[in-house]
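# Close look at the chain arrangement
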Amino acid sequence: MTSSSTSGAPRSPDGDRGDLFDPGCPTRRLLDRIGTKWTSMAVKVLAEASPEEVRFAELQRRMTGISQKMLSATLQGLARDGLVGRRVEATVPPRVYYRLTPLGLTLEEPLAALREWAEAHMAEVDRANRRDEAS
């Protein structure tokens, strides 16, 4: 996505705009990776702590309702994508620390915009759902 059209919409290197229906679309691929509540919560907790690290147990405590297995899978995915760094202290038991990478930090702003939208509009969405359920 090195160039833009006259409308300012990002374009892929071959000149075509991303197509959410195409599994290769960058937007779709990103949403597949970060489109869960647990991912956005982990990014928020780590962004609030940045540049400090956060221990696994603290992440689990702050992310109410997440299982150890789901948190581990979420963090592994974020680390694999280069969004989260992981550091292990060789103690018994091992202490595992996480932090957002510089790339991961760039994700906080768009996720914050999504949270702001939700705070401004979820009451309307909830009302629409109640109207639909009542009819």
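Structure first, text after, so check above.
Given the structure is predicted, the values throughout are model-derived calculations rather than measurements.

If you want to describe how two helices pack, look at the angle between their axes and the distance between the axes. Between helix α2 (residues 37-49) and helix α4 (residues 68-80), the shortest axis-to-axis distance is 10 Å and the interhelical angle comes to 70°. By the angle class used here, α2 and α4 are roughly perpendicular. Taking contact as the criterion, the partners of W38, T39 and A42 in α2 are, on α4, M70, T74 and L78. Grouping the constituent residues of the contact of α2 with α4 by class yields four nonpolar, two polar and no charged.

Attention shifts here to the nonpolar core. In terms of nonpolar packing, the biggest core is built from 22 residues, with L46, L59, M63, L71 and Y98 touching the most fellow members. Secondary-structure elements contributing two or more residues to this core are α2, α3 (56-62), α4, β5 (95-100) and α5 (102-134). A total of six residues in this core trace back to one element, the largest contributor, which is α2. Ignoring anything within four residues of it in the chain, the contact list for L59 reads V45, L46, V54, L71, L75 and Y98.

What follows is about the packing of α2 against α5. At a closest axis distance of 10 Å, the pairing of α2 and α5 adopts a crossing angle of 115°. The crossing of α2 and α5 is left-handed. Within the contact between the two elements, α2 uses S40, V43, K44 and A47 and α5 uses L107, E108, L111 and R115. Split into classes, the residues belonging to the contact of α2 with α5 amount to four nonpolar, one polar and three charged.

Topologically, V84 is positioned in strand β4 (residues 84-89). Residue classification places V84 among the buried positions, given a relative accessible area of 4%. With 38 residues separating them along the chain, V84 and L46 place their C-alpha atoms 8.7 Å apart. Other than its neighbours up to four places away in sequence, V84 contacts L46, L78, A79, Y98, R99, L100 and T101.

This part is about the sheet that holds β5. An order of β3-β5-β4 is seen for the three strands of this open sheet, with the pairing classed as antiparallel. The sheet is open, and its two borders are formed by β3 (54-55) and β4, each paired with just one other strand. When β4 meets β5, the two strands line up antiparallel, connected through six bridges. Looking at β5, one finds that R87 is bridged to Y97. Together, β3, β4 and β5 form the strand contacts of α2, whose direction differs from that of β5 by roughly 90°.

So, about the pairing of β5. Examined bridge by bridge, β3 and β5 share two bridges and lie antiparallel to one another. Looking at the pairing, R55 lines up with Y97 of β5.

Here we take up the pattern of salt bridges. Counted according to the given criterion, the structure contains seven salt bridges. One salt bridge connects E48 with R62, and the closest N-O pair in it is separated by 2.7 Å. Of this pair, E48 sits in helix α2 while R62 sits in helix α3; the two residues are 14 residues apart in sequence, bridging distant segments of the chain. For E48, a relative accessible area of 45% translates into the label partly exposed. Judged by its relative accessible area of 39%, R62 is partly exposed.

The rules behind these values
Residues numbered from 1 in each chain as written. Predicted model: local features only at pLDDT ≥ 70, side-chain atom pairs only at ≥ 80, totals over all residues. Heavy atoms only, no water. Axes fitted to C-alpha atoms, helices over the stretch in contact; angles between N-to-C directions. Helix = DSSP H or I, 4+ residues; strand = E, 2+ residues; numbered from the N terminus. Parallel < 35°, antiparallel > 145°, perpendicular 65-115°, else oblique. Contact = heavy atoms within 4.5 Å. Nonpolar A, V, L, I, M, F, W, Y, C, P; charged D, E, K, R; others polar. Core = buried A, V, L, I, M, F, W, Y, C linked by side-chain atoms within 4.5 Å. Buried < 20%, exposed > 50% of the residue type's maximum accessible area, 1.4 Å probe, protein only. Left-handed = near helix turned anticlockwise from the far one by under 90°. Pairing = 2+ DSSP bridges. Salt bridge = Lys/Arg side-chain N within 4 Å of Asp/Glu carboxyl O.

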